[in-house]
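# Structural characterization, general
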Amino acid sequence: MDNQNTLINEVTDRDYRFGFVSDIATDSIPKGLSEEVVRIISAKKEEPEFMLEFRLKAYRKWLTMKMPDWAQLTIPEIDYQDIIYYAAPRQQPKYESLDEVDPELLSTFAKLGIPLEEQKMLAGVAVDAVMDSVSVKTTFKENLAELGIIFCSFSEAVKHHPDLVQKYLGMVVPPNDNFYAALNCAVFSDGSFVYIPKGVRCPMELSTYFRINAKNTGQFERTLIIADSDSYVSYLEGCTAPMRDENQLHAAVVEIIALDRAEVKYSTVQNWYPGNKEGVGGIYNFVTKRGLCKGEYSKIYWNQVETGSAITWKYPSCILAGDNSVAEFNSVALTNNYQQADTGTKMIHLGKNTKSTIVSKGISAGHSSNSYRGLVRVAAKAENARNYSQCDSLLLGDHCGAHTFPYIEVGNQNSVVEHEATTSKIGEDQIFYCNQRGISTQDAIGMIVNGYAREVINKLPMEFAVEAQKLLQISLEGSVG
Amino acid sequence: MLIIKDLHASVEGKEILRGINLTINAGEVHAIMGPNGSGKSTLANVLAGNTNYEVTKGEVTFNGKDLLEMSADVRAKEGLFLSFQYPVEIPGVSMINFLKTAVNESRKYHQLKELSAGDFLKVMREKKELVQIDSQLTNRSVNEGFSGGEKKKNEIFQMAMLEPKLAILDETDSGLDIDALRIVANGVNLLKKPENATIVVTHYQRLLDYIVPDHVHVLYKGQIVKSAGKELVLELEEKGYDWIKKELGE
Ligand SMILES: Nc1ncnc2c1ncn2[C@@H]1O[C@H](COP(=O)(O)OP(=O)(O)OP(=O)(O)O)[C@@H](O)[C@H]1O
Ligand SMILES: [Mg+2]
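I will try to describe carefully the structure that is included in this document. Note that the structure is predicted; figures quoted are calculated from it, not measured.

What counts, and at which threshold
Residues numbered from 1 in each chain as written. Chains lettered and ligands numbered in written order. Predicted model: local features only at pLDDT ≥ 70, side-chain atom pairs only at ≥ 80, totals over all residues. Heavy atoms only, no water. Helix = DSSP H or I, 4+ residues; strand = E, 2+ residues; numbered from the N terminus. Buried < 20%, exposed > 50% of the residue type's maximum accessible area, 1.4 Å probe, protein only. Contact = heavy atoms within 4.5 Å. Areas by Shrake-Rupley, 256 points an atom, 1.4 Å probe, with all protein chains shown as cover. Pairing = 2+ DSSP bridges. Donors = N, O, S within 2.8 Å, 3.2 Å for Na, K, Ca; no water. Buried area = accessible area lost by both parts, 1.4 Å probe. Salt bridge = Lys/Arg side-chain N within 4 Å of Asp/Glu carboxyl O. Polar contact = N/O pair within 3.5 Å; in protein donor to acceptor, adjacent residues only side chain to side chain. Nonpolar A, V, L, I, M, F, W, Y, C, P; charged D, E, K, R; others polar. Axes fitted to C-alpha atoms, helices over the stretch in contact; angles between N-to-C directions. Near = heavy atom within 4 Å. Left-handed = near helix turned anticlockwise from the far one by under 90°. Expected span 1.5 Å × (residues − 1). Core = buried A, V, L, I, M, F, W, Y, C linked by side-chain atoms within 4.5 Å.

## Some words on the overall build of chain A
Along its length, chain A carries 13 helices and 19 strands. The proportion of buried residues among the 481 residues of chain A is 55%. Contacts in chain A between residues far apart in sequence, at least 24 positions, make up 83% of those at least 6 positions apart. Total accessible area computed for chain A in this model is approximately 20,300 Å², and 51% of it derives from carbon and sulfur atoms.

This is how it looks when you write it as C-alpha cells:
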C-alpha cells in the first residue's frame, strides 16, 4: 500500500510538472501514452479505484511486451506515441449536409439500401434531434429493464454496476494476454456491457446500433457480455455501412462469459475502411475476442462476416471449461485489393464432453493476402472432446494469396479432432454459365461467392444475413474484368 | 435472325472453326451433326460469347445487331440461349435465386418491370409443369449433385423460364432416358413460336424424330461440309460419316 502511495504521489507530481492537470478540464489530451495518460483517462471517466488499478497494471505489462510478429502480415511501423488516447465522447458533426460527403461513400450507402437518416449518422452529418429515434431506443431500453437485462455503455456499467464489472472484467482476456489486449486494457475509452440475469431469454437481438451513446466509442473499444445460468442472448456488432475513421489503429477487446446452460450468440459484420485500391490508408484491426464457456452445458457461438480493414489480426476464441459445453466459430473473411487478414480461432477444450465446430471461409481477390490460423487444443482431462474444423479458401484471380495454419494439440486418447481444408478458384466456367443466363460478370461473382459462403451466412440473424450478402458482392466490385 | 459469315475461331492458338457460313430464319429448326471433335460445341460457345474462344475472322449478325460486339450476358439478354453439353454446378446458389436474377436482369434490359417474388414463383410453377421437372431439383443449388439427365432437364427448364429467341441445344439428348427425352422434346416443341428459332446439336436421330429439323448440317473439321433437309439424318444414321469424308476426297 505504501508502495502504491509513493507511486501515485510520484505520478501526481509529474502531472503538475507537465501541466496535465489543467488539461483534465478540456476535451482531449495530448498525443502519446504514459502512466499519466492512463490516470487521466481513468480520472476523466470518474472511475473507481479498481479500474485505475486494472489500467495501470495493464499499462505496465504492455511496456514489457512486443507487437506479435508471428502472423502472416506486413504491418508498417506504428508509433504508439503519435496516437491520441483520449478524445471527448461527444464530437461535432463533421458535415452540415450529405452534399459535402465523399460521393463514393454515398453510392455505397445507396447500394446497401441504408436509409437517408442513417447515412447521415454514419457519415458524420448533423442529424435532427427528432430523427435520432430516441423514442425507439427508450422503449427498447425499458423493455429490457423489465426483464432485468443490463445493456449499456461500458462507462455506465462501471458507474452503476461496478460489482459486476469488477468480478468479470479481465476474466477471459487478462491484461497480460497479448500486446494489443494490454494496450486496450490500459486505455480503452468505452464500449458495451451486457448482463442477462438467470433464466432470462433476451427477447430481441441486442445491437450496438440501439445502444444509447453508441457513437464514437473510439478505437479502443471494450465489450463485456455476461450470460448468467440458463439465459440466452444474441448480440450483433457492427454494421454493413463502410465505417470511416481517422483513427488507423483499432484494438478492441470482447469478453463473453457463459454460465451454466447459458447460450450466447455473437454476430459481427465488419466493414471498416479497407484503404483505397492501391492499398493506401485503411484501418488496422487488431482485436482480441474470447468467450469462456464457464458453466456446464453452456454455449458460445461466434458468427462473423468480415470484409473491411486494411490489416486484420483477429481470432475469436472459446475456452470450453464447463463440462458438455459447446462452441462454434463460423466465419467469412473477404480480402480485396491490398488488404491483409490473419484470422481464425482457438478452441481450448478443458471440460469433459466438450464440442467445438469451426467453419472458416476465406475469399481472396486482387493482391490481398488471407490467412486462416486456428488452434484446437484438447487438455488431458477433457475426455471425449470433439472438434470438427472446415477451412475453405476461394481465390479470385492470380495475384492473391491464401494460407492455412491449423494447429492441433490433443492431450488424451478418446477425443476426436477432424480437420478438412480446401482451396479453390472461382471457375470461369461458372461465371460464363451465369453470363449465358443474362447475369453480368460482376453479379455472377457476387452470386458465386455468396453461394460459397452460404453455410456461414445462414448462421447470421435474418436482417444481418441479407446485408452481409450485399456486402460481399459490393466488396468484390471491380475485382474481376 | 442469325447470319454467320466466314466465322473462324481458335482456342489456345489452335484453329477449330475454319470458315462457317450459316443463315437461320425465324421459325426454323436447324440440326447440326458431325463427328466428335468437329467443332459443334465450339460453335455453340463462340455464338454464346465464351471468351475462352478467340474469334479470328468473320461476322455474325443476330436480329440485325453485331453479335460478336456483345458480351456474353448481353447476348443472353438479347435472346440467345445455350443449353450446355456439360452444365456446371454452382454450390450454394439456389436455383430460385439464380433464375430470378436471370429473368429480372433480362426484363430490366428490355425496360420491363421486374417480377415480384410471387409472380416469379407463379411463372416458375407453370414452366416446371411444362418440362415436368421435380420441385426437389428446383429447390436445390444450381445443378449441384444433379445426375447427368437431371442437368439436361434443368437446362430446358431454364430455357422455358427465359423464353429465348434463339436456342442452341448442345447434345441435350445425351444422358436422357427414353421418357425424359420425350418430355424434353415435347417441352421444346411447346416453346416453339413462329418468331423463334432453334439449333439442335446432336449425334442421334432419336431427338430429331421429336424435334423435326427444317435443315440439317454436317460439321466436319470446323466447316459445314453438307447441308440438306431432314432426310439427311436418316442417311447419316444408316451410313455414318465415312461417305461424307469420301465425298470430300479423304
Ligand atoms: N478449351 C479447349 N482447349 C483445348 N482444346 C479444345 C478446347 N475446347 C475445344 N477444344 C478442341 O476443339 C475441338 C472441337 O471441340 P468441340 O467440343 O467443339 O467438338 P464437338 O464437335 O462438340 O465434339 P463432341 O461431339 O464430342 O461434343 C476438339 O479437338 C477439342 O479437343
Ligand atoms: Mg460437343
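## Describing the pairing of strand β16 (residues 369-378) of chain A
Residue and element names in this part refer to chain A. Burial within β16 is extensive, with nine of its 10 residues counted as buried. In terms of strand pairing, strand β14 (residues 340-349) meets β16 through 10 bridges, oriented parallel. When the sheet's bridge partners are listed, Thr345 is paired in β16 with Gly374. Sheet analysis places β16 next to strand β18 (residues 401-410), joined by 10 bridges and oriented parallel.

## Some details on the coordination of the magnesium ion (ligand 2)
Residue and element names in this part refer to chain B. The protein atoms donating to the magnesium ion (ligand 2) are Ser41 (OG) and Gln85 (OE1), with metal-donor distances spanning 2.0 to 2.2 Å. Taken together, the residues Ser41 in helix α1 (residues 40-48) and Gln85 in the loop between β6 (80-83) and β7 (90-94) connect sequence positions 44 residues apart. Looking at Ser41, the relative accessible area reads 23%, which means it is partly exposed. The class of Gln85 is buried, set by a relative accessible area of 17%.

## Quick look at the interface of chain A and chain B
Taken residue by residue, the interface counts 18 residues in chain A and 30 residues in chain B. Buried surface at the junction of chain A and chain B, summed over both partners, amounts to about 1,900 Å²; 64% is from carbon and sulfur atoms. Per-residue buried area on chain A facing chain B is highest for Phe432(A), Tyr433(A) and Arg437(A); these three make up 38% of the total on that side. Between the two partners, chain A and chain B, sit one salt bridge. Of the charged contacts in the structure, one is a salt bridge between Arg437(A) and Glu155(B), with a shortest N-O distance of 2.6 Å. Run the count over chain A and chain B and you get 10 residue pairs in polar contact (both at pLDDT 80 or more). In terms of residues, the side of chain A that touches chain B owes the most to one element, helix α11 (residues 428-436) of chain A, which gives eight residues. For the side of chain A that touches chain B, the residue count by class is seven nonpolar, six polar and five charged.

## Structural notes on helix α10 (residues 179-187) of chain A
Residue and element names in this part refer to chain A. Where burial is concerned, most of α10 is hidden: nine out of the nine residues are buried. Looking only at α10, the buried set comprises Phe179, Tyr180, Ala181, Ala182, Leu183, Asn184, Cys185, Ala186 and Val187. Where α10 begins, one side-chain oxygen reaches toward the backbone nitrogen of Tyr180, 2.9 Å away; that side chain belongs to Asn178.

## Description of the sheet that holds strand β13 (residues 326-335) of chain A
Residues and elements named next belong to chain A. An order of β3-β5-β8-β10-β13-β15-β17-β19 is seen for the eight strands of this open sheet, with the pairing classed as parallel. Two strands in the sheet have a free side with no partner beyond their single neighbour: β3 (206-207) and β19 (416-425). Where strand β5 (residues 232-238) lies against strand β8 (residues 263-270), seven bridges are found, and the strand directions are parallel. By the bridge assignment for β8, Leu236 is matched with Ser267. Across the face of the sheet, helix α12 (residues 441-457) comes into contact with β10 (299-306), β13, β15 (355-364) and β17 (386-395) while running at roughly 165° to β15.

## Re the site of ligand 1
Residue and element names in this part refer to chain B. Taken together, 16 residues lie near ligand 1, and Gly37, Lys40, Ser41, Thr42 and His203 sit nearest. Glu171 is positioned with one of its side-chain polar atoms (N or O) 3.2 Å from an oxygen atom of ligand 1. Coverage of ligand 1 by the protein amounts to 68% of the 640 Å² it exposes when considered alone. Looking at the shell around ligand 1, the elements that each hand over two or more residues are β2 (14-24) and α1. If one sorts the elements of the shell around ligand 1 by residue count, α1 sits on top with three residues. Broken down by class, the residue content of the shell around ligand 1 amounts to four nonpolar, eight polar and four charged.

## Notes on the packing of helix α3 (residues 95-109) of chain B against helix α6 (residues 148-162) of chain B
All names here are of chain B. For the pair α3 and α6, the least separation of the axes is 10 Å and the interaxial angle reads 35°. When the axes of α3 and α6 are compared, the crossing they make is right-handed. On α6, the residues touching Met95, Phe98, Leu99, Ala102 and Val103 of α3 are Asn154, Phe157, Gln158, Met161 and Leu162. Looking at the contact of α3 with α6, its residues break down into eight nonpolar, two polar and no charged.

## Some thoughts on the sheet that holds strand β10 (residues 197-201) of chain B
Residue and element names in this part refer to chain B. Strand order in this open sheet of six strands is β6-β9-β10-β3-β11-β12, and the pairing throughout is mixed. Sheet topology places β6 and β12 (223-228) at the edges, where each strand pairs with a single neighbour. Strand-to-strand twist across the sheet, computed as the mean angle between neighbouring axes with direction ignored, equals 20°. Judged from the four bridges that link them, strand β3 (residues 29-33) and β10 form a sheet pairing that is parallel. When the bridges of β10 are listed, Val29 appears paired with Thr198. Across the sheet, α6 touches β6 and β9 (166-170), and the angle it forms with β6 is around 165°. Against the sheet, helix α9 (residues 231-239) touches β3, β11 (215-220) and β12, its axis set at about 45° to β11.

## Observations concerning the packing of helix α4 (residues 49-63) of chain A against α10(A)
Residue and element names in this part refer to chain A. Look at α4 against α10: their axes get within 7 Å of each other, and the N-to-C directions meet at 145°. In this structure, the crossing between α4 and α10 has a hand that is left-handed. Counting all contacts with α4, which are made through Phe54, Arg55, Ala58, Tyr59 and Trp62, the residues of α10 involved are Phe179, Ala182, Leu183, Cys185, Ala186 and Val187. The residue inventory of the contact of α4 with α10, partitioned by class, reads 10 nonpolar, no polar and one charged.

## Side note on helix α13 (residues 462-475) of chain A
Between its first and last C-alpha, α13(A) extends 20 Å over 14 residues, near the 20 Å set by a 1.5 Å rise per residue. Residues of α13(A) that are buried: Phe464(A), Ala465(A), Ala468(A), Leu471(A), Leu472(A), Ile474(A) and Ser475(A).

## Quick look at the nonpolar core
Counting 108 residues, the largest nonpolar core has Leu396(A), Val449(A), Leu2(B), Ile4(B), Ile90(B) and Phe98(B) as the members making the most contacts within it. In terms of residues, this core owes the most to one element, α12(A), which gives nine residues. Among the nonpolar cores identified, the runner-up in size contains 59 residues, and Leu33(A), Ile40(A), Phe154(A) and Ala157(A) belong to it.

## Things to note about the side chain of Glu255(A)
Residue and element names in this part refer to chain A. Relative to the helices and strands, Glu255 resides in strand β7 (residues 253-258). Taking relative accessible area as the criterion, Glu255 reaches 0% and is therefore assigned buried. In this structure the side chain of Glu255 is engaged in a polar contact, spanning 3.3 Å, whose partner is the backbone nitrogen of Met171. Reaching out from Glu255, the side chain makes a polar contact with the side chain of Arg222 at a distance of 2.7 Å. Not counting chain neighbours up to four residues away, the residues in contact with Glu255 comprise Tyr168, Leu169, Gly170, Met171, Val172, Val173, Arg222, Thr223, Leu224, Ile225 and Arg290.

Coordinates in, geometry out; function isn't part of it.
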